[in-house]
Amino acid sequence: AQPMSVVEDEGFRRLLEYLEPRYSLPSRKYFSETALPELYKKVCEHISKEIKDVKSMSFTTDIWSSAVCPMSLLSLTVHWLDVSCTRCDAMLQAKNFHGSHTSDTISAAIKEMLDQWHIPLNKVHVILRDNASNMKKAMDNMGVRSLGCFAHTLQLVVNEGLLSQRSVSDAIAIGRQIVGHFKHSPLAYLRLQDIQLQMQMQPKRLQQDVKTRWNSTYLMIQSLLEQKRVLGAYFADNDLPSTLTANQWALLEKTSIVLAPFEELTRKVSSATASTADVIPAVTVLKRILAKEGDADTGIKAMKKTLLEAVNRRFDSVEDELLYALATLLDPRYKDR
């Protein structure tokens, strides 16, 4: 993919002129002021036609900012079933969100977007939002039902568990330092890559964890465990800011096993085919896994206990939520479970 400005590039213009002298290359202004607005209009007309007779729709909304643009954006996506009961969805809008993120401004902005698409509030079945209090209050102000993001809550549970046991959090902190060393030193990474090739391994970067990215701590631990032999060989001839002891490596392995169900569930509930019917079964499975004790729990018992307590606390009312309960009861996948 290329930016629209490519049509103004002298080399690109000469190439097209050589390939087809009769072709008149449209200007950047044509694409930005004519072609794209016309395409946008066609897409809007198509979506409006698709949802016109839909009696009930669900929505997802979020406030986010782009890495390449400092402005805040409020997005709204619609989900519905067509006449053949096929799940459909469409991104309705991502608008520049000015001002403070109060519940009143959020509800007013979402109401404005719904009005632009001629969607009355009585057609709104439920809106999936993040867990911030201003978002919850905004939905209450609009008088619509809403649910918090299940994946976000799962990650809050994971964060509590990782911080609960000092030995585990220390091991993760050292792992983070090791990954950061290779991330910020191209020379160190090239040396690591040479060792990977010598060991007949596919060159692979270590995964940096990011607080706002779901599952990233689990993925970082996995990448460290995969490269354990490589890191050992690297440390034999090169310096590292910190190194992991044998006990800390064992802790990371056990932590990875405990976090694996959280990673799998986060991926599943973040997919396009996920539904509210998955929430109650997922919480039930997590409770059973975390409550099960074994000899392999040595060193991470406090973390497992905290994870279980966090799951119980954050999802204590999940079976009392009518939307979750009905969705699970009506889902044929869970009829015989």
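Above this note sits the structure.
Computed from a prediction, not measured in an experiment: that's the story for all the values here. (Residues numbered from 1 in each chain as written. Predicted model: local features only at pLDDT ≥ 70, side-chain atom pairs only at ≥ 80, totals over all residues. Heavy atoms only, no water.)

Asker: Got a minute to help me understand the overall build of the protein in this structure?
Answerer: Scanning the protein from N- to C-terminus turns up 13 helices and five strands. For 337 residues, the compact-globule estimate of 2.2 N^0.38 gives 20 Å, and the protein exceeds it by more than 25% at 25 Å. Reported as C-alpha extents along the three principal axes, the dimensions of the protein are approximately 65 × 65 × 40 Å. By the burial criterion, 39% of the 337 residues in the protein qualify as buried. Per element, the accessible surface of the protein, about 20,500 Å² overall, is 54% carbon and sulfur. Across the protein, the 42 positively charged side chains and the 39 negatively charged ones have centroids separated by 2 Å. (Helix = DSSP H or I, 4+ residues; strand = E, 2+ residues; numbered from the N terminus. Rg over C-alpha atoms; globule rule 2.2 N^0.38 Å. Buried < 20%, exposed > 50% of the residue type's maximum accessible area, 1.4 Å probe, protein only. Areas by Shrake-Rupley, 256 points an atom, 1.4 Å probe, with all protein chains shown as cover. Lys, Arg positive; Asp, Glu negative; His and termini not counted. Charge placed at Lys NZ, Arg CZ, Asp CG, Glu CD.)

Asker: Help me out: how do you make sense of the side chain of serine 75 in this one?
Answerer: Tracing the sequence through the fold places serine 75 in strand E2 (residues 69-81). A distance of 3.4 Å separates polar atoms of two side chains, one belonging to serine 75 and the other to tryptophan 64. Setting aside its immediate chain neighbours within four residues, serine 75 contacts Thr60, Thr61, Asp62, Trp64, Met91, Gln93 and Ala94. (Polar contact = N/O pair within 3.5 Å; in protein donor to acceptor, adjacent residues only side chain to side chain. Contact = heavy atoms within 4.5 Å.)

Asker: Would you take a moment to explain the nonpolar core for this structure?
Answerer: Side chains that are nonpolar tend, in soluble globular proteins, to be buried together. Judged by nonpolar contacts, the single largest core of 49 residues is most densely connected at Ile178, Phe182, Leu224, Leu231, Phe262, Val311 and Phe315. Beyond its immediate chain neighbours, meaning those up to four positions away, isoleucine 178 contacts Leu224, Leu231, Leu240, Ser242, Thr243 and Leu244. Of all hydrophobic cores here, the second largest spans 29 residues; its members include Cys44, Met57, Ile110 and Ile119. (Core = buried A, V, L, I, M, F, W, Y, C linked by side-chain atoms within 4.5 Å.)

Asker: I'm lost on the packing of aromatic side chains in this one. Help?
Answerer: Two measures describe an aromatic ring pair: the distance that separates the ring centres and the angle between the ring planes. Applying the stated criterion across every chain, the model contains three aromatic pairs. Centre to centre, the rings of tyrosine 30 and phenylalanine 31 are 5.7 Å apart; their planes meet at 65°, and the pair counts as edge-to-face. A relative accessible area of 38% means that tyrosine 30 is categorised as partly exposed. Residue phenylalanine 31 is classed as partly exposed on the basis of its relative accessible area of 27%. (Phe/Tyr/Trp six-rings, centres within 6.5 Å; stacked < 30°, edge-to-face > 60°.)

Asker: How do you make sense of the packing of helix H6 (residues 166-184) against helix H7 (residues 186-198) when you look at a structure like this?
Answerer: Any two packed helices are characterised by how steeply their axes cross, that is the angle between the axes, and by the distance between the axes. Remark: H6 packs on H7, axes separated minimally by 5 Å, with the N-to-C direction vectors making an angle of 105°. For the element pair H6 / H7, the angle class is roughly perpendicular. In contact with His181, Phe182 and His184 of H6, H7 contributes Pro186, Ala188, Tyr189 and Leu192. Grouping the constituent residues of the contact of H6 with H7 by class yields five nonpolar, two polar and no charged. (Axes fitted to C-alpha atoms, helices over the stretch in contact; angles between N-to-C directions. Parallel < 35°, antiparallel > 145°, perpendicular 65-115°, else oblique. Nonpolar A, V, L, I, M, F, W, Y, C, P; charged D, E, K, R; others polar.)

Asker: Please clarify how the side chain of threonine 153 should be interpreted in this entry.
Answerer: Considering the arrangement of structural elements, one finds threonine 153 in helix H5 (residues 150-164). For threonine 153, the residues in contact, after removing those within four places along its chain, are Asn131, Arg314 and Phe315.

Asker: Quick question: what am I supposed to make of the pattern of salt bridges here?
Answerer: Should the charged atoms of two oppositely charged side chains come close, the side chains can pair. Within the structure shown, the criterion is met by 17 salt bridges. A salt bridge links aspartate 140 to lysine 136; the shortest N-O distance between them is 3.6 Å. Note that aspartate 140 and lysine 136 are positioned in helix H4 (residues 133-142) at a spacing of four residues, about one turn of the helix. We classify aspartate 140 as partly exposed; its relative accessible area is 46%. Note on lysine 136: relative accessible area 42%, which makes it partly exposed. Measuring nitrogen to oxygen at the nearest pair gives 3.3 Å for the salt bridge that ties aspartate 297 to lysine 304. Judged by its relative accessible area of 10%, lysine 304 falls in the buried class. Each of Glu160, Arg313 and Arg314 takes part in one network of salt bridges that share partners. (Salt bridge = Lys/Arg side-chain N within 4 Å of Asp/Glu carboxyl O.)

Asker: Please clarify how the environment of glutamine 207 should be interpreted in this entry.
Answerer: Mapped onto the elements of the fold, glutamine 207 is located in the loop between H7 and helix H8 (216-226). Among the residues examined, glutamine 207 registers a relative accessible area of 30% and is labelled partly exposed. For the pair glutamine 207 and cysteine 88, spaced 119 residues apart in sequence, the C-alpha separation works out to 34 Å. Contacts of glutamine 207, omitting those with residues within four sequence positions, involve Val179, Arg213, Ser216, Leu219, Met220 and Ser223.

Asker: Explain unusual backbone geometry here, please?
Answerer: Residues apart from glycine generally show negative phi values, whereas peptide bonds are mostly found in trans. Phi at cysteine 85 takes a positive value of approximately 65°, unusual for a residue other than glycine. Along the chain, cysteine 85 turns up in the loop between E2 and strand E3 (87-96). Cysteine 85 sits in the exposed class, given a relative accessible area of 59%. For histidine 118, which is not glycine, the phi dihedral falls at a positive 55°. Positionally, histidine 118 belongs in the loop between helix H3 (103-116) and strand E4 (124-129). Judged by relative accessible area, which is 70%, histidine 118 ranks as exposed.

Asker: Explanation requested: the packing of H7 against helix H9 (residues 228-237) in the structure shown.
Answerer: One can describe the packing of H7 onto H9 by two numbers: an axis separation of 9 Å at closest approach and a directional angle of 120°. Classified by the angle their axes make, H7 and H9 are oblique. In this structure, H7 meets H9 at a crossing whose hand is right-handed. Contact residues: Ala188, Arg191, Leu192, Ile195 and Gln196 in H7; Val230, Leu231, Ala233 and Tyr234 in H9. Of the residues assigned to the contact of H7 with H9, the class counts are seven nonpolar, one polar and one charged. (Left-handed = near helix turned anticlockwise from the far one by under 90°.)

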